[in-house]
Amino acid sequence: MLHTLAALVENHPGVLTRIAGLFARRAYNIDSLSVCQTEDPALSRMTIVVNGDAQVIEQVRNQLNKLVIVHSVTDLTAESVVNRELALIRIKVSSETRSEVLQTIDIFRGRVVDMGRTNLTVELTGDIEKIDGFVKAIRPYGLLELVRTGKIAIMRSDV
Amino acid sequence: MLHTLAVLVENHPGVLTRVAGLFARRAYNIDSLSVCQTDDPKLSRMTIVVNGDDQVIEQVRNQLNKLVIVHTVTDLTAESVVDRELALIRIQVSPETRSEVLQTVDIFRGRVVDMGRTNLTIELTGDIGKINAFIKAIRPYGLLELVRTGKIAIMRSET
Amino acid sequence: MSMNAGKKSLKGATLLLEALEKEGVDVIFGYPGGVLLPLYDALLDSSVRHILVRHEQGGVHAADGYARVTGKVGVCLATSGPGATNLVTGIANAYMDSIPLVVLTGQVVTSLLGTDSFQEADITGITTPITKHSYLVKDAREIPRIVKEAFYLAGTGRPGPVLIDLPKDVLAAEIEPFSTEMNLKGYHVPGKGDSDKIAEVAKALSECSKPVIYAGGGVITAGAGAVLKQLAEKASLPVVTTLMGIGCFPYGHPNLLGMVGLHGAVAANYAVDDCDLLIAVGVRFDDRVTSGLGHLFATRAKIIHIDIDLAEIAKVVRTHIPIVGDARLVLEELLEALAGFQLPQVAEWWDQLRSWKNYYPMRYDKDRLTAQLVIECIGELANEDTMVITDVGQHQMWAAQVYPVVKSRNFATSGGLGTMGFGLPAAMGAQIARPDDMAVLITGDGSFQMCIQELATIAHNKLPVKIVLLNNGVLGMVRQLQKYFSGERYNQIDLQGNPDFIKVAEAYGIRGIRVDSLEQVRSAISEAFEHPGPVLLEFAISPNDDVLPIVPPGKPITEMLGG
């Protein structure tokens, strides 16, 4: 099954190699990964989405925790979290299809961030399913380019 | 200077280790990285933001290109691109500050995605500058958690 | 005294050596090279002793041997490029056996990093999967902090090798002194175990009827041998050890059943298979013990796993009560917790264990010259502080089976990686670490030739290592595997072309004694032990002798041949 791990790591050259290596040596492919600095410029947060056996993932998580440059690892799979991903999508348009495309974008609450004569670029946020749904809906018009950030997740606000 | 590299890679275990290793051996730290599948499930796109000397980055780019699992590498730094990042931000609120916070969120065109009694979570997209500005504006109220995807970039639509 | 003492700024290399002195380093095993010029220059003014090895692999194994027999962090040094890559086997060897090393490598100047410059290798990249941690130093001011961290990381928790890659310009830089505080927020050393879980273990122990303690290298690392003995004696618990655990429980103790695993004692393997409570301490359920069949290992038992490394828990077998912590602290607490419970009723269990022990002793021919006979004779003539270091192969298993090790840290062997060539340099490092105790190397004619150049280092430094070469003219372990599992289709196991080893020793200025008959064994060993310098003792043994028992590949450990 798909697991989402959030790791707080030190900003050092080599941190990514070490972490990626732990998955690579098992020949586990990382489905998506996003890494960015946190409020503390010495630390980054990695969100790792990986498909694998729960037991193996648990062991990899333990191995991650053991790395000197890893401060904490949380498995957000079972937790109550908000999941989001950002995608930038360039779509082919013509005078005939333009209004249909814009309508679809509107339904998915996407935002047009750039527009040319023959194509336009949309920014869309949502969970993975929503983005997959949009990509499917838009494909018939001509999907020119797709860039996704990979999922990030945050714990839900307490009520 | 900051460079943004878009790398199209094969979805293989170990690809990340190899790519990250090329930066690590120079002791270059990756500022942000986002990796996600493309429309072709066999390929992933990595967006790498790295700070470094132009010439060295150029050489790393060539070394990346040489890797069998790397299909293309584009340096988007000088190109005309749309770049965006997504952040999920949990902010402390009280009855006194709630409306001020919501106003700020509105100014930045953020979206509230979860709300609790003492805190709320918002989703914000924009370039790095905009997200940094929002964080600065919101910090006095209490920044509880921040998760960023790292930047992704897409070529501008031709006009 | 440092040449720069009194001056305000220091060279990076001097700073490095001062940092090593602060960590109590008395010896480095090294080999110079171009990028290390600033360091070898500074070494002339340092109190740190440098042993010039004859190959970098010898240096890293020597540091490893030093660490194994003392528990201290071993230090080795190699130049960039080939010097660094020659260390790889030794680093992997130490990593697999959790041996604390600080590995120093020279690196090309920072401006040439990553440019494929002369003698450049990405050694931090190459060794990423086989180091506990590694550093590529870019600023000389970081040296004191990094050295401090490296020693702390190497020696604490689950020990392991830490590599510090030092570019030439960093070693040569003139810098001002500054603070050296460690910054290791992501590193935590487990201490005491969870008290509730320990109480659970005490309860499980009181309720079981067929307990076994399965003890490994972690017991030695933690210095938990004494408390393990107390626990075993108090609750009448049988003990089996792994190869790495040899010495953690005294040979000859009535509670010891012997080594467990593919070449283990029959009683030990049967006990583990039949027990209803397995207390695993400082072990990792290696496939040389479990046959790689975690689901068939100790299937009747409730398994308790005590280890300092969380990543080892449930890696191979299901664990009923996991306890993450320092083995000594956990066992001490367990011993205390036992006070509140009844001790297990194990009389019947011991009847069974004793009958296995009596029925299946380690057997070998005593009427001809065999390796086991030689090793037993060494045991009789040595004392309890003698260090036995082995290479890898049949001789290693025979030594593990029959040599009477009674104290921790007196048996050093390449367990996890199984590195032929480890023995000679490791024995050299052990002898330097403990000059007052005798170092005996047990090796074979295959392994011996893999690091034979270190005879020069031994001769040069007059190290009185006793080299016991069990020469059967073949790669015996492989031959034996081909005999049993390849239908006797022998291939590439005949070491034709072996030199006259006595002449080789003598060429290095080392005394050589050859033994061809049973009658000479004892007197030759006595003579070697009394000789003040290094000696090579060569014993001609038969290529047909096998290490028995043996568990065929893919079979559970109860299915031993030749038990």
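Residues numbered from 1 in each chain as written. Chains lettered and ligands numbered in written order. Predicted model: local features only at pLDDT ≥ 70, side-chain atom pairs only at ≥ 80, totals over all residues.

1. Some remarks on the overall build of chain C
Along the backbone of chain C there are 23 helices and 20 strands. In terms of C-alpha radius of gyration, chain C reaches 24 Å, essentially the compact-globule figure of 24 Å for 563 residues. Each principal axis of the C-alpha distribution contributes one length, and for chain C these read about 75 × 60 × 40 Å. Considering only contacts in chain C between residues 6 or more positions apart, those separated by 24 or more positions represent 77%. (Helix = DSSP H or I, 4+ residues; strand = E, 2+ residues; numbered from the N terminus. Rg over C-alpha atoms; globule rule 2.2 N^0.38 Å. Contact = placed C-beta atoms within 7 Å.)

2. Thoughts on the overall build of chain B
Scanning chain B from N- to C-terminus turns up four helices and nine strands. Each helix and strand of chain B, placed in order from N terminus to C terminus, yields the pattern β-α-β-β-α-β-β-α-β-β-α-β-β. In terms of overall dimensions, chain B has C-alpha extents of about 60 × 35 × 30 Å along its principal axes. The buried share of chain B, taken over its 159 residues, is 48%. Taking all contacts inside chain B whose residues are at least 6 apart in sequence as the whole, residues at least 24 apart take part in 74%. (Buried ≥ 20, exposed ≤ 12 C-beta atoms within 10 Å, placed from the backbone.)

3. Things to note about the sheet that holds strand E14 (residues 321-324) of chain C
Residues and elements named next belong to chain C. Ordered by their spatial adjacency, six strands build an open sheet running E11-E10-E9-E12-E13-E14, and the pairing between neighbours is parallel. Looking at strand neighbours, the two that pair on one side only are strand E11 (256-259) and E14, the edges of this open sheet. On average, each strand axis in the sheet is tilted by 15° relative to the strand beside it, whichever way the strands run. Sheet strands in contact with helix H12 (residues 266-274) are strand E9 (211-215), strand E10 (239-241), E11 and strand E12 (277-281), and its direction is about 105° off that of E11. (Pairing = 2+ DSSP bridges. Axes fitted to C-alpha atoms, helices over the stretch in contact; angles between N-to-C directions.)

4. As for the interface of chain C and chain B
Interface size is commonly expressed as the accessible area that is lost once the parts come together. Residue-level contacts link seven residues of chain C with five residues of chain B. Classifying every residue of the side of chain C that touches chain B by side-chain character gives two nonpolar, three polar and two charged. (Nonpolar A, V, L, I, M, F, W, Y, C, P; charged D, E, K, R; others polar.)

5. Topic: the environment of Gln 372 of chain C
Residue and element names in this part refer to chain C. With respect to the secondary-structure elements, Gln 372 resides in helix H16 (residues 371-381). On a C-alpha basis, the gap between Gln 372 and Ile 143 in space is 49 Å, while along the polypeptide they are 229 residues apart. Setting aside chain neighbours within four positions, we find Gln 372 in contact with Tyr 364, Trp 398 and Val 402.

6. Looking at the interface of chain A and chain B
Between chain A and chain B, the residue contacts involve 55 residues of the former and 55 residues of the latter. Secondary-structure elements contributing two or more residues to the side of chain A that touches chain B are helix H1 (15-24), strand E2 (30-37), strand E3 (43-51), strand E5 (81-92), strand E6 (111-115), strand E7 (119-126), strand E8 (143-148) and strand E9 (152-155) of chain A. The dominant element in the side of chain A that touches chain B, judged by the number of residues it contributes, is E2 of chain A, at eight residues. By residue class, the composition of the side of chain A that touches chain B is 25 nonpolar, 18 polar and 12 charged. Bridge analysis of E2 of chain A against strand E2 (residues 30-37) of chain B gives three bridges, and the strand direction is antiparallel. Residue pairing in the sheet places Val 35 of chain A in a bridge with Leu 33 of chain B of E2 of chain B.

7. Side note on the pairing of strand E1 (residues 2-10) of chain B
The two faces of a sheet get side chains in turn, since along a regular strand they alternate between them. Residues and elements named next belong to chain B. Relative to strand E3 (residues 43-51), E1 is paired through nine bridges, and the arrangement is antiparallel. Bridge assignment links Thr 4 to a residue of E3, and that residue is Val 49. Across five bridges, E1 lies against strand E4 (residues 70-75) in antiparallel orientation. Residue pairing across strands places Ala 6 opposite Thr 74, the latter belonging to E4.

8. A few points about the sheet that holds strand E18 (residues 466-471) of chain C
Residues and elements named next belong to chain C. Spatially, E16-E15-E17-E18-E20-E19 is the arrangement adopted by the six strands of the open sheet, whose pairing is parallel. Two strands in the sheet have a free side with no partner beyond their single neighbour: strand E16 (411-412) and strand E19 (511-515). Bridge count between strand E15 (residues 387-390) and strand E17 (residues 439-444): four bridges; the pairing is parallel. Note on E17: the bridge partner recorded for Thr 390 is Ile 442.

9. A few points about the domain arrangement of chain C
Residues and elements named next belong to chain C. As assigned here, chain C comprises domain 1 (10-175), domain 2 (195-359) and domain 3 (371-540). Sorting the residues of the side of domain 1 that touches domain 3 by element identifies strand E2 (27-30), strand E3 (49-52), helix H3 (56-70) and helix H5 (88-96) as the ones contributing at least two each. The element that contributes the greatest number of residues to the side of domain 1 that touches domain 3 is H3, accounting for 11 residues. Looking at the side of domain 1 that touches domain 3 residue by residue, the class counts come to 11 nonpolar, 10 polar and four charged. (Domains from an automatic or database assignment.)

10. Examining the domain arrangement of chain B
All names here are of chain B. Domain boundaries assigned for chain B yield domain 1 (2-75) and domain 2 (82-155). Each of domain 1 and domain 2 has a C-alpha centre, and these two points are 29 Å apart. On the domain 2 side, the residues contacting the seven residues of domain 1 number five residues. Sorting the residues of the side of domain 1 that touches domain 2 by element identifies E1, E2 and E3 as the ones contributing at least two each. Here the side of domain 1 that touches domain 2 is composed, by residue class, of three nonpolar, four polar and no charged.

11. Structural notes on the nonpolar core
If you look at soluble globular proteins, the nonpolar side chains tend to sit buried side by side. With 286 residues, the main nonpolar core has Cys 76, Val 102, Tyr 214, Leu 228, Leu 278, Val 281 and Leu 537 of chain C as its most contacted residues. Setting aside chain neighbours within four positions, we find Leu 537 of chain C in contact with Lys 466, Ile 467, Val 468, Leu 469, Ile 513, Val 515, Ala 524, Ile 525 and Ala 528 of chain C. (Core = buried A, V, L, I, M, F, W, Y, C linked by C-beta atoms within 7 Å.)

12. Quick word on helix H1 (residues 12-22) of chain C
All names here are of chain C. Most of H1 is tucked away, with eight of its 11 residues classed as buried. For H1, the set of buried residues is Gly 12, Ala 13, Thr 14, Leu 15, Leu 16, Leu 17, Glu 18 and Leu 20. Along its buried surface, H1 packs onto strand E1 (10-11), helix H2 (37-43), strand E4 (74-78), helix H7 (143-155), helix H8 (168-172) and strand E8 (174-175). Downstream of H1 by one or two residues, Gly 24 has phi in the positive range, about 80°.

13. Quick notes on H12 of chain C
Structurally, the α-helix is built with 3.6 residues per turn, so residues lying three or four positions apart point the same way. Where burial is concerned, most of H12 of chain C is hidden: eight out of the nine residues are buried. Those residues of H12 of chain C that fall on the buried side of the exposure criterion are Val 266, Ala 267, Ala 268, Asn 269, Tyr 270, Ala 271, Val 272 and Asp 273 of chain C.

14. Here's the deal with unusual backbone geometry
Here the residue pair Leu 548 of chain C and Pro 549 of chain C is connected by a cis peptide bond, since its omega of 0° sits within 30 degrees of zero. Of note, Pro 549 of chain C is situated in the segment after strand E20 (535-540). Residue Arg 109 of chain A is not a glycine yet carries a positive backbone phi of 55°. With respect to the helices and strands, Arg 109 of chain A occurs in the loop between helix H3 (98-107) and E6.

15. Some remarks on the packing of H3 of chain C against helix H18 (residues 423-433) of chain C
All names here are of chain C. Two numbers describe how H3 lies on H18: the axes approach to 6 Å, and their chain directions differ by 50°. With respect to H18, the element H3 is oriented oblique. With respect to the hand of their crossing, H3 and H18 are arranged in right-handed fashion. Residues Gly 58, His 61, Ala 62, Ala 63, Asp 64, Gly 65, Tyr 66, Arg 68, Val 69 and Thr 70 of H3 touch H18, and the partners they reach there are Pro 425, Ala 426, Ala 427, Met 428, Gly 429, Ala 430, Ile 432 and Ala 433. Taken together, the residues of the contact of H3 with H18 sort by class into 11 nonpolar, five polar and two charged. (Parallel < 35°, antiparallel > 145°, perpendicular 65-115°, else oblique. Left-handed = near helix turned anticlockwise from the far one by under 90°.)

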